[in-house]
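An overview of the molecular structure
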Amino acid sequence: MDIITKEINIKGLVQGVGFRPFVYRLASEFQLNGTVENNNLGVYIIIEGQEDKVEGFIKALPNRIPQASHISKLCANKAELRNFSQFRIVKSRSRSEEVTEVSPDIAVCENCLKDMEHQQNRIDYAFTNCTNCGPRFTIIKDLPYDRPKTSMAEFVLCNDCDKEYKDILDRRFHAQPVACNICGPHYKLELDNKSYADINEITDNATKLIESGKILAIKGLGGYHIACDPFNNETVRELRKRKAREGKPLALMFNNIDEIKKYLHVSDEEQKLLISWRRPIVLLKLKKTISEQLALGLDTVGAMLPYMPFHYLLFKKLNIPALVLTSGNFSDEPIIIDNGVARRNLNSIVDGIITYNRRIHNRTDDSVAFVSNNKPRIIRRSRGYAPSPVHLQLNTEGILAAGAELVNCFAIGKGSQVIMSQHIGDLKNLETLEFYKESMKRFSKLFRFKPELVVADMHPEYLSTKFADDLSIETMKVQHHHAHIASCMAENNLDEKVIGISFDGTGYGTDGNIWGGEFLICDLVDFERYTHFEYIKQPGGDATNHHPWRMMLSYLVHYFGEDIVKEKAFLFEGIPHTEIELVGSMISKNINCPLTSSAGRLFDAVAALLGACKNSSYHAEAPMRLEALAGNEKLERKYSYDFGELISFKRCFKEMIEDIENGIDKSTIAMSFHNTIIHLAKHISLKIKEKTAISKIALSGGTFQNRIILGKTEKLLRKSGFEVYSQSNIPSNDGGIALGQIAIAAKRRQLKI
Ligand code: ZN
Ligand code: ZN
Ligand code: FE
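Residues numbered from 1 in each chain as written. Chains lettered and ligands numbered in written order. Predicted model: local features only at pLDDT ≥ 70, side-chain atom pairs only at ≥ 80, totals over all residues. Heavy atoms only, no water.

Quick look at the sheet that holds strand 23 (residues 498-503)
Adjacent strands of a sheet form backbone hydrogen bonds with each other and so pair up, either parallel or antiparallel. Test applied: When DSSP finds two or more bridges between two strands, those strands count as paired. By definition, any uninterrupted DSSP run of H or I lasting at least four residues is a helix, any uninterrupted run of E lasting at least two residues is a strand, and each is numbered from the N terminus. Simply put, an axis is a line fit to the C-alpha atoms, just over the touching stretch for a helix, and the angle between two N-to-C directions goes from 0 to 180 degrees. Contact definition: two residues touch when any of their heavy atoms are within 4.5 Å.
With respect to topology, five strands assemble into an open sheet ordered 25-24-23-30-31, the strand pairing being mixed. Either end of the sheet is taken by a strand with one partner, and the two such strands are strand 25 (527-532) and strand 31 (723-725). When strand polarity is set aside, the average angle formed by the axes of neighbouring strands in this sheet is 25°. With five bridges connecting them, strand 24 (residues 517-522) and strand 25 associate as antiparallel partners. The residue bridging Leu520 from the neighbouring strand is Arg529, located in strand 25. The sheet contacts of helix 22 (residues 707-719) involve strand 23, strand 30 (696-700) and strand 31, and relative to strand 30 the element is tilted by about 175°.

Remarks on the packing of aromatic side chains
How we decide: Aromatic rings from Phe, Tyr and Trp, with only the six-membered ring used for Trp, were paired whenever their centres fell within 6.5 Å, and each pair was classed as stacked if the ring planes differed by under 30 degrees, edge-to-face if by over 60, and tilted otherwise. Throughout this description, buried means an accessible area under 20% of the type-specific maximum (1.4 Å probe, protein chains only), exposed means over 50%, and partly exposed covers the range between.
Taken as a whole and assessed by the stated rule, the structure comprises 26 aromatic pairs. With 4.9 Å between their ring centres and 20° between their planes, Tyr555 and Phe653 make a pair best called stacked. One end of the pair, Tyr555, is in helix 15 (residues 548-560); the other, Phe653, is in helix 20 (residues 650-661), with 98 residues separating them in the sequence. An identical accessibility class is assigned to Tyr555 and Phe653; each is buried. On the basis of an interplanar angle of 45° and a centroid distance of 6.0 Å, the ring pair of Tyr559 and Phe653 is categorised as tilted.

Let's talk about the sheet that holds strand 1 (residues 3-13)
With mixed pairing, the five strands of this open sheet are ordered in space as 4-1-3-2-5. In this open sheet, the two strands that pair with only one neighbour each are strand 4 (70-79) and strand 5 (87-89). Mean inter-strand twist for the sheet, computed between neighbouring axes without regard to direction, equals 15°. Here strand 1 runs beside strand 3 (residues 42-50); their pairing, made up of nine bridges, is antiparallel. Paired with Lys11 across the strands is Gly42, a residue of strand 3. Relative to strand 5, helix 1 (residues 19-29) is tilted by about 175°, and along the sheet it contacts strand 1, strand 2 (33-39), strand 3, strand 4 and strand 5. Those strands touched by helix 2 (residues 51-60) are strand 1, strand 3 and strand 4, and its axis lies near 150° from that of strand 3.

Some remarks on the coordination of the iron ion (ligand 3)
Filter applied, for reference: The rule for donors is simple: an N, O or S atom within 2.8 Å of the metal counts, and for Na, K and Ca the reach is 3.2 Å. Water is not among the atoms, so a site may look short of donors. Under the classification used here, a metal with four donors is tetrahedral if each angle lies between 85 and 135 degrees, square planar if opposite donors are over 155 degrees apart and the others between 65 and 115, a six-donor metal meeting that same test is octahedral, and anything else is irregular.
The coordination sphere of the iron ion (ligand 3), as far as protein atoms go, consists of His480 (NE2), His484 (NE2), Asp504 (OD) and Asp734 (OD), spread over 2.0 to 2.2 Å. Every donor counted, the four donor atoms about the iron ion (ligand 3) form angles of 88 to 170° at the centre, which fits irregular coordination. Counting the intervening residues between successive donors of the iron ion (ligand 3) yields the motif H-x3-H-x19-D-x229-D. Taken as a pair, His480 in helix 14 (residues 480-491) and Asp504 in the loop between strand 23 and strand 24 lie far apart in primary sequence, 24 residues in all.

With respect to the coordination of the zinc ion (ligand 2)
Coordination of the zinc ion (ligand 2) by the protein involves Cys158 (SG), Cys161 (SG), Cys180 (SG) and Cys183 (SG), with metal-donor separations of 2.2 to 2.3 Å. Around the zinc ion (ligand 2) sit four donor atoms; with metal-centred angles ranging over 102 to 118°, the donor geometry is tetrahedral. Positions of the donor residues of the zinc ion (ligand 2) along the chain correspond to the pattern C-x2-C-x18-C-x2-C.

A look at the pairing of strand 24
Most of strand 24 sits out of view: six of its six residues are buried. Alternating residues of strand 24 divide into Gly517, Phe519 and Ile521 and Glu518, Leu520 and Cys522, and every residue in both groups is buried. Relative to strand 24, strand 23 runs antiparallel, the two sharing six bridges. In the sheet register, Phe503 faces strand 24, and the bridge partner there is Gly517. Linkage of strand 24 to strand 25, two consecutive antiparallel strands, is achieved through a turn of four residues.

Topic: the pattern of salt bridges
We apply this condition: Between Lys or Arg on one side and Asp or Glu on the other, a salt bridge is scored when a side-chain nitrogen of the former is within 4 Å of a carboxyl oxygen of the latter.
If you walk through the whole model with that rule in mind, you get 43 salt bridges. A cluster of three or more residues bridged by salt bridges with shared partners is formed by Asp115, Arg122, Glu164, Arg171 and Arg172.

A closer look at the pairing of strand 1
Here strand 1 runs beside strand 4; their pairing, made up of nine bridges, is antiparallel. Residue Ile8 lies in a different strand from strand 4, and its bridge partner there is Ala76.

Below, the structure written as structure tokens:
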């Protein structure tokens, strides 16, 4: 049999995921020699041996890769004979490559779950992991990624674990968090004055407590969760009360995918996302009611599958198929990671705490996604995703992007990569601002990053902007919606002039007004504002966020005059007269009424008009309820609007009110309104194309989290001959702003602008 040599280049997600040891094991299984190494494109293998074995190796490789890896391209070519005498893993040559190889956390794998049933020292062991699975980012303190630099440092490997750790042919070779019943961390249940340390006692008691309507805190991978029985209305109501979480939807963890399908609609693409190793929360349409208290006024529920060994152990005992699993915090504070803080702060919410003695270093929330037009759409990018880099065609080195304010993420530039932070949250909250600063320090240390240039939002009052200004290094400011569109462009590798449609809730404009219904012509350097939704007064500024009816009043007064309040009094049902008068006089006297072209505020107004949400208890509740109200997506009915220089919704409001008076179904009105926005997106885009011949469109901004708007706009624009780009792996909300900021800064720096 002939000896042959082949070179294999693999691109994709192949670094920091145990790929090289996997290649080593596969090579030895096929009795082949050669080398494997990381390079800046991916993984490079030279393989040498008997021809049939080499071919067998190449055939087997893509089918057996570690679960957290993904091959986008594999090229194998004949190469010169080297006469290797063994197979070797070659160390990374470049320091900066090593540095960006921090893997996100990975859901426990099938093999480890089996080990928990058979392997003597891992029976029911809740920290079982291997090279293919387990905690990563959440336990890393510093690089290189070695056990002493993680929160596993204090746990000394026992002989059995040490053997596995050192044996390159073992699935646990160099698995930094490797542990077992004898040497690793342990769970504990703290209940009143008792505590339980035996895992079966813990899960038995937890089951009893949850099934009898009690609420528990459970330490997760990136922070504490609060858990209870989702089928028990009383308990869920009690949880909302204790957590001061009036209306916000609560996520569920289901025992398995079949159970999810009993309660929620799951498409193939949604299933893929649910069972992926990243295990995000996926927003799914309700099939049947789980509890009236779960997703008030919405038609979706966020569901996820177990991802820690402990989750599996608990579900083995539970007789209910799902748990409420919401973040362990108060309202908008960051999720709690510290055991002491959990004991102090969660005591008033929970009846018992399940904790463990391994520290969480990097806080992560559960990531949240939905599927539209067969593509995953990340809304909250954290556990399982951060800190995976985004690759650009630009030099990003040394650029720090401060992000926006409300759902902040920051980002750092390394080489040609952008490393986005995990979801940080609303910086106006003091604890969150602390988390922001602390994470920035950690990222700088972890990724050996020194900012030379900091890029921030133009908003002078954003805390992220103030933070950037205080750094006393070179700063650059970027307009909010330009950053949204640039984020979409960067994610899709676009670096040219595009039509940018940014439908968004807020954002500081170059004229000092609040923007958010924007049609831009832009590239990575600059933008031109082609047109936008007509400016409307926003009475009380941010105060309207909790009172969507204020925007309704403002729109109606703007288009039909103050008498509308008397003429159409039925529209104001349930709102105290004194409040209407107060806000009305703010509008007429122009007191504290910033001007806004925001799409989010328009959706607020329409949600209030249709009675879907007059006052809201959490961010974006009104647009979410309006979306839920809109029934049949196939309906193509729409309203009129005017486009001269700006876009006016006067006729749209007139027709909506007529429809309400004529008793037209509210869901029909809601869908007709959605269609209006979708059609005007096409109409204006065609105008821009006429003028500029640009046919590529980038869609971004918080309003594109609305599935109807995103799904139908994309389809309609494609049908109209446009090349349409939207966000998938990076949020289209303000969590994606930092990517756009870095892309713009990198491009301007390259052109020395
Ligand atoms: Zn595993
Ligand atoms: Zn051990
Ligand atoms: Fe925004």
